[in-house]
Amino acid sequence: MNQILSWSLHNFTNLLKTCISQRDLITGKTLHTIYIKTLIPNSTYLSNHFILLYSKCRRLSAARNAFDVVPHPNVFSFNTIVAAYAKESQPTIARQLFDEIPQPDIVSYNTLISAYADRGETRPALDLFMEMRELGFEMDGFTFSAAVTAACKDFCLIRQLHKLAISGGFNMYTSVNNSLITYYSKNGYLDYAKWIFNDMGSDKDEVTWNSMIVAYSQHRDGLKALALYREMLHLGLRIDIYTLASVLTAFTCLEDLRGGLQFHCQLIKKGYNQNTHVGSGLIDFYSKCNGGMSNCKNVFDEIIGPDLVLWNTMVSGYSQKDDLSEEAITCFINMQREGYCPDDCTFVCVISASSNLSSPNQGKQIHCLALKSDIPSNRISVNNALITMYSKCGNLKDARQVFDNMPEHNTVTLNSLITGYAQHGLQTEALDLFKHMLEANISPTRITFVSILSACAHTGKVEEGRKYFNLMTENYGIQPDEEHFACMIDLFGRAGKLDEAERFIENMPFNPGTVGWGSLLGACRTHGNLELAVKAANQCLLLDPSNAAPYVILAHMYAKDNKWDEVAMIRKSMRNNGAKKNPGCSWIEINKKVHVFVAEDSSHPMLNEIARFWEELVKKMKRAGYVPDVKWALVRDHDIMEDEKETSLGRHSEKLAVVFGLLSTKDGQPLYVVKNLRICGDCHNAIKIISSLTRREITVRDARRFHCFKDGQCSCGDYW
């Protein structure tokens, strides 16, 4: 009888181990039922394997139930259940169970340190690391790798861990070197990563090579990344799916669509194209290299059993294209219908898509979903995306509330809100936040200074702008790029200092590009300097002959001076160069539906009602002092009548959207309008008066900034 039982127990155990390795939950549950109901001895050894089975299959409650009935739980029992809770992002319970272990071993500590490290919780992870050292535990490579991952926010601490690893001989562990390479490459220290890689000699594994390929790609050196891949092939090293995904990253950073297509063909021949990890790399490649989202969709459809990462990559691909933001939302909805629970990465991407749509209701709905999900409310990446979304939707109050409720901030957090304040022309708030950033020892980045300089430009603070432009290089070693120079040109131009703007351009180390010359051209129109406008326009057209904006601005300026021969010449040049003016387009969301209006629109079903309401409104506006500024009317001919010009002004897209909003909402309800171009001067004056007459708050977000109209005033102070 004992021999039969022994033989049966042996086979039972082997079958259970097979279930664990293959994640076979159905067979495993059957074995568990047999284990409970039959005469098989109740042993800690077998109970531990059932805990492991349920943990591997991500059935946390079942794993906990199995743990709770273990007759005599040992360290392995505790380690298994601690790891289960840690992997399911429940470190608090994992820590409670850890504290119950009679004699925790190195696996116990490594498990919990890794859990904290994966969640970015540096302090508790490093406290455990120090506790291990104080208790005299003999650490291994996994301990140091987890500690390096946990300390990823602190370069000085990483250097200390690196030195400790060298002095203790832990740099002989490949896993430790791999984690250091990953840290250094991700945080801009490529030379350190290269030094470790070269110093490892023959002790490199596939993870090492893959990490270094990714390191070069992250630093925009795709050629060296591809050279490492070819070296791997030459040495006969094993190429796995992670290697292939790393190579795709190299093609992506090179924006080498042709090379990536050829590599995709190789992947298809080898059968890797149906792998989820490789598929994510292909989708990322096509979405970032102008390969079209249709190619991304084809890759997605080929993959059997797409996972959450793959869905996230698709949502991210759509969200990166402003005109495909609705598709990103649809993809997000389909993902949930398929039973996938969004994670923090999903929410960051879909919130970004909502920002592009400028849909306050859509953004609020997704915010509510994020709060109801299993994502911790303090996840910094999600909150950063929310701040950007609310700022872009003209809702700085909610953006600030998200900011104030966050337990900690990083550079992206501060940049997001500073940018929001700058776009709304709130220079004082932007600069106060910048001071807070410095006091919190959070280093500003190039993006920070773009926002600060933009805030100065939009409020006419010339001297402050000069100071911060110089401060950027002198104090922080940030070399100004095209965006910073464009901000300074804009700063001088808006202030009417056109000669200084021109001298600034002449002394620049590179061509200011269409953005810089375009800023100067816009300032020339505002201040009526036709001679300099011609120079700026010609420079813009040398760089981009098909750009319609310079032609349109010059045509308006010539028309204002009654130089109709020059207007005709410009129109001919536009036709010859294939330049087409983008029509003014504005949209407003009413009752969760977006209504789009185009200049001179005749398609909207309520156009007659809008026209009648506008006629009555104009009468009241004129009594309040409104004088139509016909220089902003569409230039057609020199003999166009004044009343025709005035009628044309009433058909500007932002006016149509505002009037429709007034007709479609209750008295006192704020309106939010988005325009694809810069708001015209007449619309700006008109909406100021409308806000006073109707006692409405009306926000217009144009291509450059926000205009918040209230009680006959605009937040820009008429300086735009």
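Quick summary incoming for the structure in this document. (Residues numbered from 1 in each chain as written. Predicted model: local features only at pLDDT ≥ 70, side-chain atom pairs only at ≥ 80, totals over all residues. Heavy atoms only, no water.)

As for the overall build of the protein chain
Consideration 1: Helices and strands together make up the secondary structure of the protein chain, namely 38 helices and 6 strands.
Consideration 2: Projected onto its principal axes, the C-alpha positions of the protein chain cover 110 × 55 × 55 Å.
Consideration 3: Residue burial in the protein chain is summarised as follows: out of 720 residues, 48% are buried.
Consideration 4: The long-range share in the protein chain, meaning contacts at least 24 apart out of those at least 6 apart in sequence, stands at 61%. (Helix = DSSP H or I, 4+ residues; strand = E, 2+ residues; numbered from the N terminus. Buried < 20%, exposed > 50% of the residue type's maximum accessible area, 1.4 Å probe, protein only. Contact = heavy atoms within 4.5 Å.)

What about the state of the cysteines?
Consideration 1: Across all of its chains, the model carries 0 disulfides by this definition.
Consideration 2: Not part of a disulfide, cysteine 253 finds its nearest cysteine sulfur in cysteine 289, a span of 8.8 Å.
Consideration 3: Cysteine 253 sits in the buried class, given a relative accessible area of 9%.
Consideration 4: Looking at cysteine 349, it has no disulfide partner, and the nearest cysteine sulfur is the one in cysteine 345, 4.4 Å off.
Consideration 5: For cysteine 349, a relative accessible area of 9% corresponds to the buried category. (Disulfide = S-S within 2.5 Å.)

So, helix α33 (residues 548-560)
Consideration 1: With 13 residues, α33 extends 19 Å between its outermost C-alpha atoms, agreeing within 8% with the 18 Å of an ideal straight helix rising 1.5 Å per residue.
Consideration 2: A large share of α33 lies buried, amounting to 11 of its 13 residues.
Consideration 3: Every buried residue belonging to α33 is among Ala548, Pro550, Tyr551, Val552, Ile553, Leu554, Ala555, His556, Met557, Tyr558 and Ala559, and all of these are buried.
Consideration 4: Each element contacted by the buried residues of α33 is listed here: α31 (513-527), α32 (530-543) and α34 (564-576).
Consideration 5: Two to three positions downstream of the cap, the backbone nitrogen of alanine 549 sits 3.2 Å from a side-chain oxygen, assigning the N-cap of α33 to asparagine 547.
Consideration 6: Residue asparagine 562 follows α33 closely and has a positive phi angle near 60 degrees. (Expected span 1.5 Å × (residues − 1). Polar contact = N/O pair within 3.5 Å; in protein donor to acceptor, adjacent residues only side chain to side chain.)

Thoughts on a nonpolar patch on the surface
Consideration 1: Together, Val594, Val596 and Val598 make up an exposed nonpolar region whose accessible area comes to about 200 Å².
Consideration 2: Structurally, the position occupied by valine 598 is in strand β2 (residues 593-598).
Consideration 3: We classify valine 598 as partly exposed; its relative accessible area is 30%. (Patch = residues over 30% accessible without salt bridge, like charges linked within 9 Å, V, L, I, M, F, W, Y side chains within 5 Å. Areas by Shrake-Rupley, 256 points an atom, 1.4 Å probe, with all protein chains shown as cover. Salt bridge = Lys/Arg side-chain N within 4 Å of Asp/Glu carboxyl O.)

Thoughts on the pairing of strand β5 (residues 706-710)
Consideration 1: Strand direction decides the pairing type here: strand β4 (residues 698-701) and β5, joined by 4 bridges, are antiparallel. The residue of β5 that forms the bridge with threonine 699 is cysteine 708.
Consideration 2: Counting the residues between successive antiparallel strands, the hairpin from β4 to β5 contains 4 residues.
Consideration 3: As consecutive antiparallel partners, β5 and strand β6 (residues 713-714) are separated by 2 residues, and within that stretch aspartate 711 has a phi angle of approximately 55 degrees, a positive value. (Pairing = 2+ DSSP bridges.)

Some thoughts on the pattern of salt bridges
Two side chains bearing opposite charge may form a pair once their charged atoms approach each other closely.
Consideration 1: A full pass over the atoms with the stated rule returns 23 salt bridges.
Consideration 2: As a salt-bridge pair, lysine 224 and aspartate 221 come within 3.9 Å of each other at their nearest N and O atoms.
Consideration 3: Residue lysine 224 is classed as partly exposed on the basis of its relative accessible area of 40%.
Consideration 4: Residues lysine 535 and glutamate 502 are paired through a salt bridge, measuring 2.8 Å at the closest nitrogen-oxygen approach. Of this pair, lysine 535 sits in helix α32 while glutamate 502 sits in helix α30 (residues 498-506), and the two are 33 residues apart along the sequence.

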